[in-house]
Amino acid sequence: MINLKKNSQISLEKNGEDFKHICIGLDWGVINKKSFFGLFNDKESVDLDGSVTMFDSIKKEKDTVYYRKLVSNDKAIRHSGDDRVGDSSADNKDNEVIYIDLQKVSADVDTIVFYLNSFKQQDFSDIPYSKIRIIEGEHHNPNKVFASYDLSGDSSFKGFTSMVMAKMNRAPGGRWTFTAIGEPIEAKDIAGTIKVIREKYL
């Protein structure tokens, strides 16, 4: 498994064969809060929304898949649905999964960007962890993790409720590359995030 770092880039292929299907797994934990003079722990559910937007070569938004639209127009991308809680303990399960059939992605799509928004505007620095994993194949199988990237969890995320996680670019010849980003941004919702992506990440 490849452990990605910020701005690291990999080709979505193995042993010279391009991937045809991948799953993008999103995993995060609940917020642990101390109460009654620190004697007890309260757990606060975390509602993060994982979304993906496709752009063409001139930065025009072609389609967005998110919790209210679970399938892309070209049927290439499917979203598993909204998780409004998060994990109470670290596990090997993903809270939301984005399935991508790379063979079906519309020919005019040049870049695919993945991002997170905190629906309840919870500060990312309070969330104990959030991760993104690339899994080989059309079925979500944690035993086939190709690469992973740890996202939030440090002071640089304090005061932010949205982040750009990663992007995929179509390289010459049709092969896709994946770039880890993991940067907090000044946005409050999906529309604001797409605006920042067009300005800074394409």
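Residues numbered from 1 in each chain as written. Predicted model: local features only at pLDDT ≥ 70, side-chain atom pairs only at ≥ 80, totals over all residues. Heavy atoms only, no water.

Draft legend 1. Seen up close, the packing of aromatic side chains. Applying the stated criterion across every chain, the model contains five aromatic pairs. A ring pair is formed by phenylalanine 19 and phenylalanine 146, whose centres lie 4.9 Å apart and whose planes are at 85°; its orientation type is edge-to-face. Here phenylalanine 19 is found in the loop between β4 (17–18) and β5 (21–28), whereas its partner phenylalanine 146 is found in strand β14 (residues 145–150), with 127 residues between them in sequence. One exposure class covers both phenylalanine 19 and phenylalanine 146, and it is buried. With a centroid separation of 6.3 Å and an interplanar angle of 85°, the aromatic rings of tyrosine 67 and phenylalanine 119 are classed as edge-to-face. Of this pair, tyrosine 67 sits in the loop between β9 (61–65) and β10 (77–79) while phenylalanine 119 sits in the loop between β12 (111–118) and β13 (130–136), and the two are 52 residues apart along the sequence. For tyrosine 67, a relative accessible area of 23% corresponds to the partly exposed category. Taken together, the ring pairs connect Tyr66, Tyr67 and Phe119 into an aromatic cluster. (Phe/Tyr/Trp six-rings, centres within 6.5 Å; stacked < 30°, edge-to-face > 60°. Helix = DSSP H or I, 4+ residues; strand = E, 2+ residues; numbered from the N terminus. Buried < 20%, exposed > 50% of the residue type's maximum accessible area, 1.4 Å probe, protein only.)

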